[in-house]
Amino acid sequence: MNRQIVKLFGLLVVLFAVLVGFTSYWSVFEAEALKEKNANKRPLLEQQRIERGRILADDGTVVARSVAKGKGDDLRYVRRYPDGPLYGHPIGYSFVREGDSQFEQFHNDELIGEESELGSLIDELRGHEQRGNDVVTNLHPEAQRVALSALESAGFGAVVGIEPASGRVRVMASNPPYDPNLVPTRYSQLATDEFATPLLNRATQGRWPPGSTFKVVTAAAGLDSGTISAGSTIDAPATIDVQGLPLANSDGQGYGAIGLETALTGSVNTWFAQLGEQVGSETMFDYMADFGFGSTPAIDLPDDQVERSGVFEENELLGRGDPVDVARIAIGQERLLVTPLQMAMVAAAVANRGSLMKPQIWSRVVDPDGRVTRRLDPSQYSRPMDEETAEALATEMEGVVDFGTGTNAAIPGVRVAGKTGTAETPFNRSCGGGDLNQAWFIGFAPADDPEIAIAATVECTSSFGGELAAPIFREVAEAILSGG
Amino acid sequence: MTSARNRELAGLVPVALLLTAGFTAVFAQEEARLDDLSLIYGAYFLAVCVATHVYLRLRLPDADPYLFPLVALLTAFGLVMIYRIDADLARDQANWFVVGLVLFALTIHFLRDYDVLERYRYTIAATGLLLLLAPRVPGIGEQVNGAYLGVNLGPLSFQPAEFSKICIVVFLASYLRENREVLIVGARRILGVTLPPLKHLGPLLVVWGAAMFMLVFIRDLGSSLMFFAAFLALLYVATGRFSFVAIGMAMFLAGAWFFASTVPHVNDRIEIWLDPYSDPAVSGYQVLQSIFAQADGGLFGKGFGQSLITIPGTDNALLPAAQTDTIYALIVNEVGLFGACGVVLTYLLVTARGLKIALLADDGFSKLLATGLTAVFAIQAFVIIGGVTRVIPLTGVTLPFISYGGSSIVANFVLLALLLLISDRARRQARGAASGWEAT
């Protein structure tokens, strides 16, 4: 019988090896796929047992923090947002059932203290409890407050403010806002409101025609490509014919042969349309690409929550070689759709002497012992134009605020550069067929040493950019400049 | 003689260290502070083990030196895991551990001459079957998750299948010892398949019938599988005919397939096994959560006391039956693949020592009894670990010595006592033969 006993042992060894094989399969090889399963709530339940780090404004104001509930096995942390709706955009929310969004989602690994595979493995072996890091943002609380309340009295829209030299995002507000504290109780209501879409961050996900603010891009392309020089003039009649359709100035006047300064301060459509045709669509697309059009902006928010800007056919982006009406693109019409973030990047590029920095909301990561483990290292995204072009353009944009369409953006004692825009949006369904203007203002201040570049926009209004958006710019810029 | 017992004593030291370290880790997690109670637990456990060791030194000086430390290791590990789930359950389990050791000692005391078991084999077989039937007796039977597994006698409730498995193995070992020759010699080839002689087929069909009966009346796929597999293992070792095993397996599968389609509870278990995602929140919940817990454990696990067993803020189980059926998933979650491999390896070592006893044993009954006891033990571990890892359908069998449950721990200590009894005699005879002495 001994031979059979040895064989039986062999069989049992095989059976136990199968057990080890299956255990390895579930616990190691298939582990990641299992963690993604919908039925698997364990990773989420475990994450809420980690004290997620705080999110802070640049002055140390707490934007988001975690509070403990229960004890022992019942211990879990719940997210709290002390200022309610103020930072709902762009901070987002983080809850077990509803998941994460925006900044909370993008910086999840830092916030739960899962920075690197190696680090957490060592922590595990040392038996360390996983603890979250604090993430400090560049957001300026006072300016954020001013921006949101200005928007709330103006209408649905958004404001984005960027420090031109570093790309630091100081302000990002979207109206209507939402209170992230209410997400666990009112999620379905917030998510299904198709009229107000409060969860939509209009600063990065809202897309509208840019109107005349786009003339800054056209002017940059014209000057930098050498198509025109600072002294060049173009004859600008009241109306010109483009592709068989008349294109008119908004005030109905003819200007004769004028230079860039007059064209920009008066926002002369026929002048810029002709400049666009001289530049040509391919060169125009090249310059747009340098400003970031056509790409998802390199901001620290999840890609699916940041929209691209550009010329759209249905939902497809058009580019070099596609048949487009470059004259109408040059004045911000055609099928151009842009986000406020993209237009703030345009203003920031001009302000920073032609160098466009990557926009970033985060500033530094602080570990639970108070050590700064990572710090934002500002980096250039692109250089859409050379310094001379940027300086010339800045000078003309100062004229817009000093004696042109943007006088409402003027701040006493501060040099301000900017450009207004008013796009007619007959196809914007959210306006419900009523007021059909999209009001814009982009600019920066102080013009000689820019601290802030801002894009402000309001949808579905009967007002013009200079009336409605320029004052928002002024209030937000003042908040930044007075706060230092 | 003393060297074997000295090795046993040495083997108990790491067991006590593991227990103390485990309790300390759980304390550190639960109370966020160290407590000398963990040391007291370790010392208490070690004292009980040393007492058992001294008893073995006196009564079974030649018995296998590794089995008891291996089993103590499994018990200590189980205590830590159960303590981690609920301190009260761990206290119960510790008490059952002591009761188990008392029965262990009594078995060794009264069955020193275990050959008497052969004389009462039919009584023992009948007892085993009655025990299996008991859960269906109105008034004392208990239904657990659709299967009839428990018996409730006033203050005492137990799972008779745990004891029944020993009775049935004793009967089979005795029966096959007597009939193995006829089964081999009388076998004839029909259509190229070697069949046992018809005359002796009866008792074998009875065993098959008993397994089917368990499926239908007790509705316990796990125990049924465990019993029948142990029977096939014994039949193979006794006769050396693989064809008998193949026929038996085919009959079991045919029966299981037939009853699976008629007994709803059995059918459900199989369907959940094949597709747990069809109903992840209810019927598939247990097996899916077991697997999710393993996925979360990874290579090294989350550490003692770190696993989530209930959904925080509620009393709802995240890992249902964590202290019994799915304790292996909890182990993978807390100590990872490495820890789980350690547990499986420990079961394999117990199996190896058990079969070594069978190899050394001189007479047929001892050989078959040691084989049967070891096989039923190993298969039980396979059935529940296999269920939790979705190798086979998940059923309500305990993980020997680790799972919470008085019946399981007490019955398995009786099983261990029988193995050590066989071992002591076999090794003494082997030693006597080697040194040229007459075996006594």
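Residues numbered from 1 in each chain as written. Chains lettered and ligands numbered in written order. Predicted model: local features only at pLDDT ≥ 70, side-chain atom pairs only at ≥ 80, totals over all residues.

1. Looking at the overall build of chain A
If you tally the helices and strands in chain A, you get 18 helices and 22 strands. Once the C-alpha set of chain A is aligned to its principal axes, its extents read approximately 110 × 50 × 45 Å. Sorting the 484 residues of chain A into buried and exposed places 51% on the buried side. (Helix = DSSP H or I, 4+ residues; strand = E, 2+ residues; numbered from the N terminus. Buried ≥ 20, exposed ≤ 12 C-beta atoms within 10 Å, placed from the backbone.)

2. Section: the overall build of chain B
Helix and strand counts for chain B come out as 15 helices and five strands. The C-alpha radius of gyration of chain B comes to 22 Å, within 12% of the 22 Å expected for a compact globule of 440 residues. The principal-axis extents of the C-alpha atoms in chain B amount to approximately 70 × 60 × 45 Å. For chain B, with 440 residues in total, the buried portion stands at 55%. In chain B, once contacts between residues fewer than 6 apart in sequence are set aside, the share between residues at least 24 apart is 70%. (Rg over C-alpha atoms; globule rule 2.2 N^0.38 Å. Contact = placed C-beta atoms within 7 Å.)

3. Re the environment of A:Asp386
All names here are of chain A. Residue placement: Asp386 occurs in the loop between strand E19 (380-382) and helix H17 (387-403). You can call Asp386 partly exposed: it has 14 C-beta atoms within 10 Å. With residues near it in sequence (within four places) discarded, Asp386 still touches Asp224 and Gly354.

4. Re the pairing of strand E7 (residues 157-162) of chain A
Along any regular strand, the residues point their side chains to alternate faces of the sheet. Residues and elements named next belong to chain A. With six of six residues buried, E7 lies mostly within the body of the structure. Burial of E7 is two-sided: the residues Gly157, Val159 and Gly161 facing one way and the residues Ala158, Val160 and Ile162 facing the other way are all buried. Where E7 and strand E8 (residues 169-175) come together, six bridges link them in antiparallel fashion. Along E8, the bridge assignment pairs Ile162 with Val169. Taking the residues that link successive antiparallel strands as the turn, the E7-E8 hairpin has six residues, and the phi of Gly167 there is positive, at about 80 degrees. In this structure, E7 lies alongside strand E22 (residues 452-461), joined through six bridges in antiparallel fashion. (Pairing = 2+ DSSP bridges.)

5. Digging into the interface of chain A and chain B
Contact residues are listed per partner, giving 38 residues for chain A and 50 residues for chain B. Looking at the side of chain A that touches chain B, the elements with two or more residues in it are helix H1 (2-29), helix H2 (31-35) and helix H3 (42-47) of chain A. Here the side of chain A that touches chain B takes 18 residues from H1(A), the largest share from any one element. Among the residues forming the side of chain A that touches chain B, the class breakdown is 19 nonpolar, nine polar and 10 charged. (Nonpolar A, V, L, I, M, F, W, Y, C, P; charged D, E, K, R; others polar.)

6. Focus on the sheet that holds strand E13 (residues 310-313) of chain A
Residues and elements named next belong to chain A. Spatially, E14-E13-E15 is the arrangement adopted by the three strands of the open sheet, whose pairing is antiparallel. The sheet is open, and its two edges are formed by strand E14 (316-318) and strand E15 (336-337), each paired on a single side. Note that E13 and E15 share two bridges and pair antiparallel. Residue Val311 lies in a different strand from E15, and its bridge partner there is Leu336.

7. Concerning the sheet that holds E8(A)
Paired through their backbone hydrogen bonds, the strands of a sheet run either parallel or antiparallel. Residues and elements named next belong to chain A. In space, the five strands of this open sheet follow the order E8-E7-E22-E21-E20, with antiparallel pairing throughout. Each of the sheet's edge strands pairs with one partner strand only, and the pair in question is E8 and strand E20 (417-424). Adjacent strand axes in the sheet meet at a mean angle of 5 degrees when their direction is disregarded. In terms of strand pairing, strand E21 (residues 437-445) meets E22 through eight bridges, oriented antiparallel. The partner of Trp440 across the bridge, within E22, is Thr457. Together, E7, E8 and E22 form the strand contacts of helix H8 (residues 141-154), whose direction differs from that of E8 by roughly 25 degrees. Sheet strands touched by H17: E20 and E21. Its angle to E20, the strand with the most contacts, is close to 65 degrees. (Axes fitted to C-alpha atoms, helices over the stretch in contact; angles between N-to-C directions.)

8. A closer look at helix H14 (residues 364-388) of chain B
Residue and element names in this part refer to chain B. For H14, which comprises 25 residues, the first-to-last C-alpha distance of 36 Å matches the rise-based estimate of 36 Å (1.5 Å per residue) to within 8%. Most of H14 is tucked away: 24 of the 25 residues are buried. Arg390 occupies a position one or two residues after H14 and carries a positive phi of about 65 degrees. (Expected span 1.5 Å × (residues − 1).)

9. Observations concerning the nonpolar core
In this structure, B:Val80, B:Ala230, B:Leu234 and B:Leu419 are the most contacted members of the largest nonpolar core, which totals 159 residues. Broken down by element, the residue count for this core peaks at 17 residues, all from helix H13 (residues 327-360) of chain B. Ignoring sequence-local partners within four residues, the contact set of B:Ala230 consists of B:Val169, B:Gly372, B:Ala375, B:Val376 and B:Ile379. Counting residues in each nonpolar core, the second largest holds 120 residues, with A:Val136, A:Val279, A:Phe441 and A:Ala447 among its members. (Core = buried A, V, L, I, M, F, W, Y, C linked by C-beta atoms within 7 Å.)

10. Topic: the packing of H1(A) against H13(B)
Between H1(A) and H13(B), the shortest axis-to-axis distance is 10 Å and the interhelical angle comes to 175 degrees. One finds that H1(A) runs roughly antiparallel with respect to H13(B). Partitioning the contact of H1(A) with H13(B) into residue classes produces 20 nonpolar, six polar and no charged. (Parallel < 35°, antiparallel > 145°, perpendicular 65-115°, else oblique.)

11. Digging into the confidence of the model for chain B
The predicted model of chain B has a mean per-residue pLDDT of 85, with 92% of residues at 70 or higher. Under the prediction, the complex receives an ipTM of 0.92, its pTM being 0.71. (pLDDT = per-residue confidence, 0-100.)

12. Observations regarding the domain arrangement of chain A
Accessible area lost on assembly of the parts is the figure often given for the size of an interface. Residues and elements named next belong to chain A. Structurally, chain A comprises domain 1 (42-137) and domain 2 (141-483). For domain 1 versus domain 2, the distance between C-alpha centres works out to 33 Å. Counting residues at the interface gives 31 residues for domain 1 and 30 residues for domain 2. Looking at side-chain class alone, the side of domain 1 that touches domain 2 contains 12 nonpolar, 11 polar and eight charged residues. (Domains from an automatic or database assignment.)

13. Considering the pairing of strand E17 (residues 362-366) of chain A
Residues and elements named next belong to chain A. In terms of burial, E17 is a largely internal element, four of the five residues being buried. The pairing of strand E6 (residues 134-137) with E17 spans four bridges and is antiparallel. Each residue of the ladder has a partner; that of Val135, found in E17, is Val365. In terms of strand pairing, E17 meets strand E18 (residues 372-375) through three bridges, oriented antiparallel. Paired with Arg364 across the two strands is Arg375, which belongs to E18. As consecutive antiparallel partners, E17 and E18 are separated by five residues, and within that stretch Gly370 has a phi angle of approximately 90 degrees, a positive value.

14. Some details on helix H15 (residues 406-434) of chain B
For H15(B), spanning 29 residues, the distance from its first C-alpha to its last is 41 Å, which sits close to the expected 42 Å at 1.5 Å a residue. Burial of H15(B) is extensive: 22 of the 29 residues sit out of reach of the surface.

15. Some details on the packing of helix H7 (residues 160-185) of chain B against H14(B)
All names here are of chain B. Packing of H7 against H14 brings their axes to within 8 Å, and their N-to-C directions diverge by 145 degrees. Regarding H7 and H14, the two cross each other, and that crossing is right-handed. In contact with Lys165, Val169, Val170, Leu172, Ala173, Ser174, Leu176 and Arg177 of H7, H14 contributes Gly364, Phe365, Leu368, Leu369, Gly372, Leu373 and Val376. When grouped by side-chain class, the residues that make up the contact of H7 with H14 number 10 nonpolar, three polar and two charged. (Left-handed = near helix turned anticlockwise from the far one by under 90°.)

16. Quick notes on the environment of A:Ala248
Residues and elements named next belong to chain A. Note that Ala248 resides in strand E11 (residues 245-248). The partly exposed category is assigned to Ala248, around which 15 C-beta atoms lie within 10 Å. Separated by 244 residues in the primary sequence, Ala248 and Gln4 have C-alpha atoms spaced 100 Å apart.

17. Quick look at the environment of A:Asn108
Residues and elements named next belong to chain A. Mapped onto the fold, Asn108 is located in helix H6 (residues 108-111). Judged by the 16 C-beta atoms lying within 10 Å of it, Asn108 falls in the partly exposed class. Separated by 307 residues in sequence, Asn108 and Arg415 place their C-alpha atoms 40 Å apart.

18. Digging into unusual backbone geometry
Cis geometry marks the peptide bond from A:His89 to A:Pro90; its omega dihedral reads 5 degrees. That bond from A:Ala445 to A:Pro446 is cis: its omega, -15 degrees, falls within 30 degrees of zero. Mapped onto the elements of the fold, A:Pro446 is located in the loop between E21 and E22. A positive phi angle is found at B:Arg390, which is not glycine, with a value near 65 degrees. Assignment of secondary structure puts B:Arg390 in the loop between H14 and H15.

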